[in-house]
Amino acid sequence: MTLREIRIGEAARVEALHGEGALRQHFLDMGVIPGTQLTVVKYAPMGDPMELRLHGYELTLRLADAGQIEVCPVPAGAQAEKKTKAYRRTEHPGLGEGGRFHPKGSVTPLPEGTQLTFALVGNQNSGKTTLFNRLTGSKQHVGNFPGVTVDRKDGAIKGYPETLITDLPGIYSMSPYSSEEIVSRNFVLQEKPHCIINIVDATNIERNLYLTMQLLEMDTPVVVALNMMDELTANGGSIDVNAMEKLLGVPVVPISAAKGEGIDELVEHAVHIAKYQEKPLRQDFCDKSANGGAVHRCLHGICHLIEDHADSAGLPLRFAASKIVEGDTLITQQLSLEQNEQEMMEHIVTQMERERGLDRSAAIADMRFSFILKLCGESVTKPVESRERRRSERLDTFLTGKYTAIPAFIGIMALVFWLTFNVIGAGLQTLLETGIDALTQVCDSALTNAHVNATIHSLIIDGIFAGVGSVLSFLPIIVTLFFFLSLLEDSGYIARVAFFMDKLLRRIGLSGRSIVPMLIGFGCSVPAVMATRTLPSERDRKMTILLTPFMSCTAKLPIYAFFVSAFFPKRGGLIMVALYLGGILTGILVALLYKGTLFRGEAVPFVMELPNYRLPGLRNVAQLLWEKAKDFLQRAFSVILIATVVVWFLQSFDLHLDLVDDPGQSILAAAAGILVPVMQPVGLGDWRIIVSLVSGFMAKESVVSTMEVLFSEGVETVLTPLTAASMLVFSLLYTPCVAAIASVRRELGGRWAVFVAVGQCVIAWLAALLVRVIGMLLGVM
Amino acid sequence: MNLTDILLLLAVAAAVVLAVIGCIRRKRKGCGCGCDGCTGCSKQKRSSGK
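Residues numbered from 1 in each chain as written. Chains lettered and ligands numbered in written order. Predicted model: local features only at pLDDT ≥ 70, side-chain atom pairs only at ≥ 80, totals over all residues.

Another aspect to go through is the overall build of chain A. Within chain A one finds 32 helices and 14 strands. Radius of gyration (C-alpha) of chain A: 30 Å, near the 28 Å computed for a compact globule of 781 residues. Along the first, second and third principal axes, the C-alpha atoms of chain A reach 95 × 60 × 55 Å. When the 781 residues of chain A are sorted by exposure, 53% land in the buried category. Counted over contacts in chain A with a minimum sequence separation of 6, partners at least 24 positions apart contribute 73%. (Helix = DSSP H or I, 4+ residues; strand = E, 2+ residues; numbered from the N terminus. Rg over C-alpha atoms; globule rule 2.2 N^0.38 Å. Buried ≥ 20, exposed ≤ 12 C-beta atoms within 10 Å, placed from the backbone. Contact = placed C-beta atoms within 7 Å.)

The next point concerns the sheet that holds strand β6 (residues 116-122) of chain A. Residue and element names in this part refer to chain A. Taken together, 6 strands build an open sheet; the order of strands is β7-β8-β6-β9-β10-β12 and the sheet is mixed. The open sheet has two free edges, formed respectively by β7 (153-157) and β12 (252-254), since each of these has just one partner strand. Between one strand and the next, the sheet's axes are offset by a mean angle of 25°, whatever the strand orientation. In terms of strand pairing, β6 meets strand β9 (residues 195-201) through 5 bridges, oriented parallel. Paired with G122 across the two strands is I199, which belongs to β9. Across the sheet, helix α7 (residues 241-248) touches β10 (222-227) and β12, and the angle it forms with β12 is around 155°. (Pairing = 2+ DSSP bridges. Axes fitted to C-alpha atoms, helices over the stretch in contact; angles between N-to-C directions.)

Before going further, it helps to examine the domain arrangement of chain A. All names here are of chain A. Taken as a whole, chain A is organised into domain 1 (3-80), domain 2 (116-275), domain 3 (290-381) and domain 4 (406-777). At the level of secondary structure, the elements contributing two or more residues to the side of domain 2 that touches domain 3 comprise α5 (205-216), β11 (238-239) and α7. Per element, the largest residue contribution to the side of domain 2 that touches domain 3 is 5 residues, and it comes from α5. Here the residues of the side of domain 2 that touches domain 3 sort into 9 nonpolar, 3 polar and 4 charged. (Domains from an automatic or database assignment. Nonpolar A, V, L, I, M, F, W, Y, C, P; charged D, E, K, R; others polar.)

Let's shift gears to the nonpolar core. Generally speaking, a soluble globular protein has its nonpolar side chains buried in company with each other. Residues and elements named next belong to chain A. Core analysis: the biggest nonpolar cluster contains 233 residues, and L120, V223, A225, L226 and A270 have the highest contact counts within it. Per element, the largest residue contribution to this core is 11 residues, and it comes from helix α24 (residues 618-652). Contact partners of A225, with chain neighbours within four places excluded, come to L131, I197, N198, I199, V200, V253, I255 and L266. (Core = buried A, V, L, I, M, F, W, Y, C linked by C-beta atoms within 7 Å.)

A separate point is helix α18 (residues 493-507) of chain A. Residue and element names in this part refer to chain A. Here α18 is 15 residues long and its end C-alpha atoms lie 22 Å apart, about the 21 Å a rise of 1.5 Å per residue gives. Of all bends in α18, the biggest is about 55°, found at M501. Of all the 15 residues making up α18, 12 are buried; the element is thus mostly covered by neighbouring parts of the structure. Among all positions of α18, only Y493, I494, A495, R496, V497, A498, F499, F500, M501, D502, L505 and R506 are buried. Contacts from the buried residues of α18 go to β4 (57-61), α14 (387-399), α15 (405-449), α17 (475-491), α19 (515-521) and β14 (608-609). Of the residues flanking the end of α18, it is G509, one or two places downstream, whose phi is positive at about 90°. (Expected span 1.5 Å × (residues − 1). Bend = angle between axes of the 7 residues up to and from the residue.)

We now examine unusual backbone geometry. Note: most residues except glycine have negative phi, and most peptide bonds are trans. Residue and element names in this part refer to chain A. The step from D48 to P49 runs through a cis peptide bond, and the omega angle for that step is 0°. For K192, which is not glycine, the phi torsion reads 40° and is therefore positive. Assignment of secondary structure puts K192 in the loop between α4 (179-191) and β9. You will see that L657, though not glycine, has its phi angle at about 60°, which is positive. Its location among the elements puts L657 in the loop between α24 and α25 (667-672). By the C-beta count within 10 Å, which is 9 here, L657 ends up exposed.

We now examine helix α32 (residues 750-777) of chain A. Residue and element names in this part refer to chain A. Taking 1.5 Å of rise per residue, the 28 residues of α32 would be expected to cover 40 Å, and the 41 Å separating its terminal C-alpha atoms lies within 8% of that figure. Listed as buried for α32 are A753, V756, Q760, I763, A764, W765, A767, A768, V771 and R772. The secondary structure elements touched by the buried residues of α32 are α21 (538-547), α23 (572-596), α30 (721-733) and α31 (738-748). Immediately downstream of α32, the backbone of G779 shows phi near 80°, a positive value.

Our focus in this paragraph is the sheet that holds strand β1 (residues 11-17) of chain A. Residues and elements named next belong to chain A. Across the sheet, 6 strands lie side by side as β5-β1-β2-β3-β4-β14; this open sheet has antiparallel pairing. Either end of the sheet is taken by a strand with one partner, and the two such strands are β5 (69-74) and β14. Here β1 pairs with strand β2 (residues 37-43) via 3 bridges, running antiparallel. The partner of A12 across the bridge, within β2, is L38.

The following block contains the structure:
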């Protein structure tokens, strides 16, 4: 029987894992190996994917993939917890403390003045960036879902200027599954840091130690940082750190990155072992007596045979041997083995598979997990059930419940937008607008009283104050929306949305994980495009990037609000919702089109860990809001200010640099005239609208500031409601700003960036035309 | 043009020059989008120490 036949609440033991390739390896790395006991927690509201509990954590996967896992049911009552040995006093082995395990003379310290390099490596969502921020004093973004960090970041450890620590994207094993995981593996293998700080989530220790086992094989000094120890101990669990140190052969330091506990001790250990290059005392974790010692003999045999090749390829021996057994072709190629040697390896592996009764990858994964279980049995006292887990279960009965998940999601998003646009954001915006208007009036009067030249007066009041002021007033709305999005990110809810939206998204050719970049896209397209790096397939990644611009970013809000207040003041909420839904709907239609043309085939499997819900950190949220506010103000006083002055200049002078009374004679009108025939059919043939839209390519907020400058008599006196509707739809869908296009170029290359810019304009033009035609048919002017 | 006009004009010119310098600095510092605080920038930025 397969896993998909197991019902909710029932337990089963893995008998065999079918399938092949990277996905199968990923399952093994996540702990789905023969012999593992797992429990079905729930199914997503639409019946697919399913949530499992294994090795003390929650994993989600699709039913189709569950069908590849052969299991045998475990009867109720037989699901006995593994007993942990009673605590006994163990002597602290003192690794890295004066070289107790490395007597003086046996190690060579690095020369004075060498910059010590550290790599921060660990599973996704284990708190690496939180620790990085603690160590370096940086303010990098953190969140509560797997895959927040998608690129490496460097910094010096506070108080140690001669150090360089690199925060890497989270990985589950040294067999990378997605593109950002390759960044981490390559860094460790190629840049060879002096020390690896392996951050391990103590509340999910079994799966986290799987990576540790592989890092120890790298023959690089390693220090293990047991993070979230505060959470573990608060729930009645504990870890015998001394016993763990002894078994692993490297220093183990309990810490709480969020609270800043144990950081100094961790740094001392890391700096010491990096300086003295104290490598792990153990790399050999295969048990000679386990299962006839087949894996042990196989690994050691291969180690002897490839020693010279590993040396010349610069690869750690034990790591290379394990990878050969797993069948990693990249590493095998690097070793440049002769045909005869390759055949020899295959014979050894085949013999091991026959003796062990497991295939090559499963045998290695099993060997590692067997050691981890032994290690945890010796040194870890697990809490019965954590408070965080209980809280998450309670919340999930509603937030991911069969009948409540989708309504709850719609309700939460509606509440976020309602609070942003109608209550908090809008209220604060009115206040700020009043202040800006008052300041403009004071300055206007002062300039008039001082008999300032009319042109300069116009530049300051009609140009700078009108342009920058109109954009500034949107600060509260944007900060409020980011506040709610960051709450969703930090709480762990976003991972749940990916879980229950997977089936829906699969219908349009995407995986549930694509929802994360898309939700981020409601904030800003740039991080959204970068967040796609967590997607394991190139097809899904490309498709998600191309769809991200359909999620209306916060920078477009001023445009909507500007037109809504001018033309549809009584239907503001309705139009805002219609615009957001319109963007999503167009995105769905385009996705269906892509699915049938550019990106045929199915989305990659959905395998994702569900983190516990956590209360968003006040410091974290406050920091994010401050960054957003600062960023917005900087943009207003840089890009927007320049655009405003340039637009004012170009609309005030003609080609002979003479002041014009009629802006229709200006340089701007002449230049924008080229595009008039193109935009005429959609009702946006006014040169001022064209200029505003073009300026929006630099920054979307610029559309409003430019309109304020160009339509000094008020936009509602010149345009009709139908034109405004066309303009809203065009603004919603046309090319993203230059920053977003640059990030598309970085991720996919120049051709795709041009495709996005031009494609979005074509789609926007067609949609605006549709709105105009429907409007005219309905008799709206 | 009187002295006030000239001073105001200089002030506007200085503001524009400062804005341009700010744009260039932010572009160099961040991911290219110019926004220092966005997640994209903070992910790419080589923070303190470099």
